[in-house]
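Residue-level structure breakdown
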Amino acid sequence: AKTDGRGCYRFFAPAMDTDVRLQRAFELQLREALPRREFELHYQPIVDLSTCRPCAVEALVRWRHPEHGLIPPDKFIPVAEEIGLIGPLGEWILATACRTAAEWPSDIRLAVNLSAKQVVGGDLVEVVRRALADTGLPAGRLELEITESVLLQKDHDSLAVLHGLTALGVHVVLDDFGTGYSSLSYLQLFPFSKIKIDRTFVAELTTRADCAAIVSSVTTLARALAMSTTAEGVETWDQVALLRAAGCREAQGWLFGRPVPAAALSFEPTAACAP
Ligand code: C2E
Ligand code: CA
Ligand code: CA
Ligand code: CA
């Protein structure tokens, strides 16, 4: 395999699907990765902005490739969806994350990402119920993050699945808000307890007045609908000040901690909590 300076894993990127043989090799190795235990979860804190103390932790999957090192999820989740691997991989992610989180202090919630294919393709409610039962994690401590793409799946009753999940007592969170085609009516129709404001808005918060206006409108709207908001990709204290002013309660980003293996996770305030 060749490197191009941006990491060996580019060799495997689905963008190179012109080379069918490379694509097939990638898919084959991906199929083997689960039985070979090559996936691992890293965990990133989500902090309460009034104390900068973690109130939740998001699980983020990585593939530790034997030759190419750590491969980020954007490179393999879409392929796992295509080749029908997202079901078993998603089950492993849920079970592993719930088992880990069951050991954390009881006021720390766990956030797990779901792919659209997991929501509409299978028996998600049963998979989640089993993960909770097997690990003893209380349902109220689990947040399942879904993106708008789930809501656009026309031929499936994603609404019924989301209601099935909330009936278990877990929280459903709308991830990457503002990046897709979501209509505000979705917020009313689906049982979300929280909205995550995408980091593209947070990134320009201090330089663009329109981003600040969007963030404070979303926060106000969420509050009116009895939902909370988490800001993603927070990297500076200037962003924190604007988020607090906008009424945003929770934040996640490198300022407070990068994703780390479970053993390296800390539940102490991760940074000096500037006023
Ligand atoms: P996401 O759910 O929006 O996750 C947040 C991403 O932003 C993570 O990238 C995280 O490492 C990154 N991030 C966190 N803080 C900062 C920051 O301050 N600055 C910047 N620039 N980036 C930050 P990651 O881990 O590469 O994950 C990418 C995406 O892959 C996730 O986006 C999610 O959509 C998907 N993903 C990750 N884990 C899973 C999983 O277990 N299952 C599924 N279905 N998808 C997953
Ligand atoms: Ca997420
Ligand atoms: Ca997100
Ligand atoms: Ca994202």
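Data block above holds the structure.
Cut-offs used in this document
Residues numbered from 1 in each chain as written. Chains lettered and ligands numbered in written order. Predicted model: local features only at pLDDT ≥ 70, side-chain atom pairs only at ≥ 80, totals over all residues. Heavy atoms only, no water. Core = buried A, V, L, I, M, F, W, Y, C linked by side-chain atoms within 4.5 Å. Buried < 20%, exposed > 50% of the residue type's maximum accessible area, 1.4 Å probe, protein only. Contact = heavy atoms within 4.5 Å. Near = heavy atom within 4 Å. Polar contact = N/O pair within 3.5 Å; in protein donor to acceptor, adjacent residues only side chain to side chain. Areas by Shrake-Rupley, 256 points an atom, 1.4 Å probe, with all protein chains shown as cover. Helix = DSSP H or I, 4+ residues; strand = E, 2+ residues; numbered from the N terminus. Nonpolar A, V, L, I, M, F, W, Y, C, P; charged D, E, K, R; others polar. Phe/Tyr/Trp six-rings, centres within 6.5 Å; stacked < 30°, edge-to-face > 60°. Donors = N, O, S within 2.8 Å, 3.2 Å for Na, K, Ca; no water.

Once that is clear, we can look at the nonpolar core. Among the nonpolar cores identified, the biggest contains 76 residues, and L30, L110, L142 and F192 are the most heavily contacted of them. Contact partners of F192, with chain neighbours within four places excluded, come to I146, L151, L162, V172, V173, L174, Y186, L187 and M227.

Near ligand 1 lie 22 residues; those nearest to it are Q44, R62, R199, E235 and W254. Here Q44 contributes a side-chain N or O atom positioned 3.0 Å from a nitrogen atom of ligand 1. At 3.1 Å, a side-chain N or O of D175 approaches an oxygen atom of ligand 1. Surface burial for ligand 1 is 85%, taken as the share of its 800 Å² of free accessible area covered by protein chains. Contributing elements (two or more residues each) for the shell around ligand 1: β2 (53–65), α2 (73–82) and β6 (171–177). A total of four residues in the shell around ligand 1 trace back to one element, the largest contributor, which is β2. Taken together, the residues that form the shell around ligand 1 break down as nine nonpolar, five polar and eight charged.

It is worth spelling out the packing of aromatic side chains at this point. Following the criterion strictly, the structure yields ten aromatic pairs and no others. Taken together, a centroid distance of 5.5 Å and an interplanar angle of 90° make the contact between Y43 and W104 edge-to-face. In this pair, Y43 sits in strand β1 (residues 39–48) while W104 sits in the loop between α3 (86–101) and β4 (109–113), placing the two residues 61 residues apart along the sequence. On the accessibility criterion, W104 (9% relative accessible area) is buried. Aromatic ring contacts, followed pair by pair, group F26, F39, W63, F76 and W92 into a single cluster.

What follows covers the coordination of the calcium ion (ligand 4). Ligation of the calcium ion (ligand 4) by protein atoms is provided by D176 (OD) and D176 (OD), these donors lying 2.9 to 3.0 Å from the ion. If you look at the calcium ion (ligand 4) and the calcium ion (ligand 3), they sit 3.7 Å from each other and are both ligated by D176. Within the secondary structure, D176 is located in strand β6.

Turning next to the coordination of the calcium ion (ligand 2). Bound to the calcium ion (ligand 2) on the protein side are E58 (OE), N113 (OD1), E145 (OE) and D175 (OD), at distances that span 2.1 to 2.3 Å. Here the calcium ion (ligand 2) and the calcium ion (ligand 3) are spaced 3.9 Å apart, linked through D175, which binds each one. Separated by 55 residues along the polypeptide, E58 in strand β2 and N113 in strand β4 bring together distant segments of the chain. In this structure E58 comes out as buried when scored by relative accessible area, which is 5%. On the basis of relative accessible area, N113 is assigned to the partly exposed category, the value being 27%.

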